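Residue-level structure breakdown
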Amino acid sequence: MAISPSIVGTSTPPVTMTVERGRLQLFAKAIGQSDPLYVDVAAARAAGHPDLPVPPTFLFGLELERPNPFAWIEELGVDMPSVLHGSQSFDYTTMAYAGDVLTAVSTITDVYDKKGGALEFLDRVTHITRDGDPIATLTQTTVVRNS
Amino acid sequence: MTTTLKVGDALPDLKIGRITRTTLALFAGGSGDHNEIHLDSDVARGAGMEDVFAQGMLGMAHLSRLLTDHFPQSSLRSFSTRFAAITPVSAEPTCFGEVVAVDHHPDGDLLTLDLRVELPDGTVTLAGKATLQIGSAS
C-alpha cells in the first residue's frame, strides 16, 4: 500500500503530561540507571536541580500519552506489527524536571519510499514545550515494511 | 570552562547486561511505549519475527546513560541515533562513545561524539552522534 503524501503537514492534537517522579524512577529502573541524581530527589536537589531531571530520551514517550498513541499510523491503513523505528534525534533547549507540565505537538514532515515501495518512510517532528517555552525538538523516522 | 578530551578519546565502554523479557516490560511501562511487538511473542511471531525484541528507544536510553555518566545532562545539545539492527531478547549490548570533534568557543567547548551500541557478535544495533557544550550555563 502507498501512504498518501497528502498527509505531509498534518499535526496531531497537542498532548499534555505532568511528569511524575514515579514514572521517572520506573524509567530509570528499566534502563539500569543507578545514578542517584535520577532516582533520589534529595540527591537531585543536592546537585542543584529543582527535582528529578527528565532524562534525555524520556521525552520521546510524551507523545505516547494519548488513549491510542498509534492511531495516527493505523489511520493510514498500516498494521502496527509492520512498523519499525528507523531513526530518532533530539535537539535540547533546556532541561525538564519531575512536576513539569509538558506539551507535545507532532507534525508529519515527509513521506517517501525505497526498494520499489517495499519500505515506506514517515518523518515527523515533535515540539515539546513547558508553559509555551521550548524544551526540545524531536525528529523521528518511522519505517513501514510492506510485504 | 574547557574540556581536556581530544579527538580520538573514547569513553569507557558501558556494558548493559542481559536484556530480559522483564526489561522489555519495565521499559514499556516506564517509557509509555506499549507496542505489543516488544512484549508479546505471539504478536512478534505473527509479524514474522523470531521473538520479541528490544524497543529501539531502550538502546538509545542506554546510550544516554553513557553520556550522563560522563557529562552533566545540561551540557547535552543534540543526540541522534539510527536503529541499524534489532536487539533480540537475551542480548547483552555494550555502549561505546568516541570524541570525533572538539571546537573551542568562548562560551564553552563544543564536543561531538560518535556513539554506537554493539552486540557481542559485532552487530551494531544503534549508531549515532551527540553534541555537548561543555561549560555552558543552561
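A few points on the structure. (Residues numbered from 1 in each chain as written. Chains lettered and ligands numbered in written order. Predicted model: local features only at pLDDT ≥ 70, side-chain atom pairs only at ≥ 80, totals over all residues. Heavy atoms only, no water.)

**Structural notes on the overall build of chain B**
Scanning chain B from terminus to terminus reveals three helices and five strands. With the C-alpha coordinates of chain B rotated into their principal frame, the extents come out at 55 × 30 × 20 Å. When the 138 residues of chain B are sorted by exposure, 54% land in the buried category. For chain B, the share of sequence-separated contacts (at least 6 apart) that also reach a separation of at least 24 residues comes to 65%. Looking at charge distribution, chain B has the averaged site of its 10 positive side-chain charges lying 2 Å from that of its 17 negative ones. (Helix = DSSP H or I, 4+ residues; strand = E, 2+ residues; numbered from the N terminus. Buried < 20%, exposed > 50% of the residue type's maximum accessible area, 1.4 Å probe, protein only. Contact = heavy atoms within 4.5 Å. Lys, Arg positive; Asp, Glu negative; His and termini not counted. Charge placed at Lys NZ, Arg CZ, Asp CG, Glu CD.)

**Some thoughts on the pattern of salt bridges**
All names here are of chain A. Under the definition given, this model contains 11 salt bridges over all chains. For Arg21, the salt bridge goes to Asp51, with nearest N and O atoms at 2.9 Å. Of the two residues, Arg21 is situated in helix α1 (residues 21-30) and Asp51 in the loop between α2 (41-46) and α3 (71-74); the sequence distance between them amounts to 30 residues. Taking the relative accessible area as the measure of exposure, Arg21 reaches 36% and is therefore partly exposed. The buried category is assigned to Asp51, whose relative accessible area is 9%. (Salt bridge = Lys/Arg side-chain N within 4 Å of Asp/Glu carboxyl O.)

**A word on the packing of aromatic side chains**
Two aromatic rings are characterised by how far apart their centres lie and by the angle between their planes. Under the defined criterion, the tally for this structure stands at five aromatic pairs over all chains. Ring geometry for Phe27 of chain A against Phe58 of chain A: centres 5.3 Å apart, planes inclined by 85 degrees, an arrangement best described as edge-to-face. Taken as a pair, Phe27 of chain A in helix α1 and Phe58 of chain A in the loop between α2 and α3 lie far apart in primary sequence, 31 residues in all. Across the pair, exposure class does not vary: Phe27 of chain A and Phe58 of chain A are buried alike. Cation over ring: Lys114 of chain A sits above Phe121 of chain A, and NZ or CZ is 4.8 Å from the ring centre. Over the ring of Phe96 of chain B we find Arg116 of chain B, and its NZ or CZ is 4.3 Å from the ring centre. (Phe/Tyr/Trp six-rings, centres within 6.5 Å; stacked < 30°, edge-to-face > 60°. Lys NZ or Arg CZ within 6 Å of the ring centre and 35° of its normal.)

**Section: the packing of α1 of chain A against helix α1 (residues 21-31) of chain B**
As a packed pair, α1 of chain A and α1 of chain B sit with axes 8 Å apart at the nearest point and diverge in direction by 150 degrees. Between α1 of chain A and α1 of chain B, the angle is such that the two are roughly antiparallel. Like other packed secondary-structure pairs, α1 of chain A and α1 of chain B cross with a definite hand, here left-handed. For the pair α1 of chain A and α1 of chain B, the contacting residues are Arg23, Leu26, Phe27, Lys29 and Ala30 of chain A in the first and Thr23, Leu26, Phe27, Gly29, Gly30 and Ser31 of chain B in the second. A breakdown of the residues in the contact of α1 of chain A with α1 of chain B according to their chemical character gives five nonpolar, four polar and two charged. (Axes fitted to C-alpha atoms, helices over the stretch in contact; angles between N-to-C directions. Parallel < 35°, antiparallel > 145°, perpendicular 65-115°, else oblique. Left-handed = near helix turned anticlockwise from the far one by under 90°. Nonpolar A, V, L, I, M, F, W, Y, C, P; charged D, E, K, R; others polar.)

**A word on the interface of chain B and chain A**
Residue-level contacts link 33 residues of chain B with 34 residues of chain A. Between chain B and chain A lies a buried interface of about 2800 Å² when both sides are counted; carbon and sulfur atoms form 61% of it. The interface formed by chain B and chain A includes zero salt bridges. The tally of links between chain B and chain A comes to 10 residue pairs in polar contact (both at pLDDT 80 or more). Listing elements by their share of the side of chain B that touches chain A, those giving two or more residues are α1, α3 (56-70) and β2 (76-83) of chain B. The residue inventory of the side of chain B that touches chain A, partitioned by class, reads 14 nonpolar, 15 polar and four charged. (Buried area = accessible area lost by both parts, 1.4 Å probe. Polar contact = N/O pair within 3.5 Å; in protein donor to acceptor, adjacent residues only side chain to side chain.)

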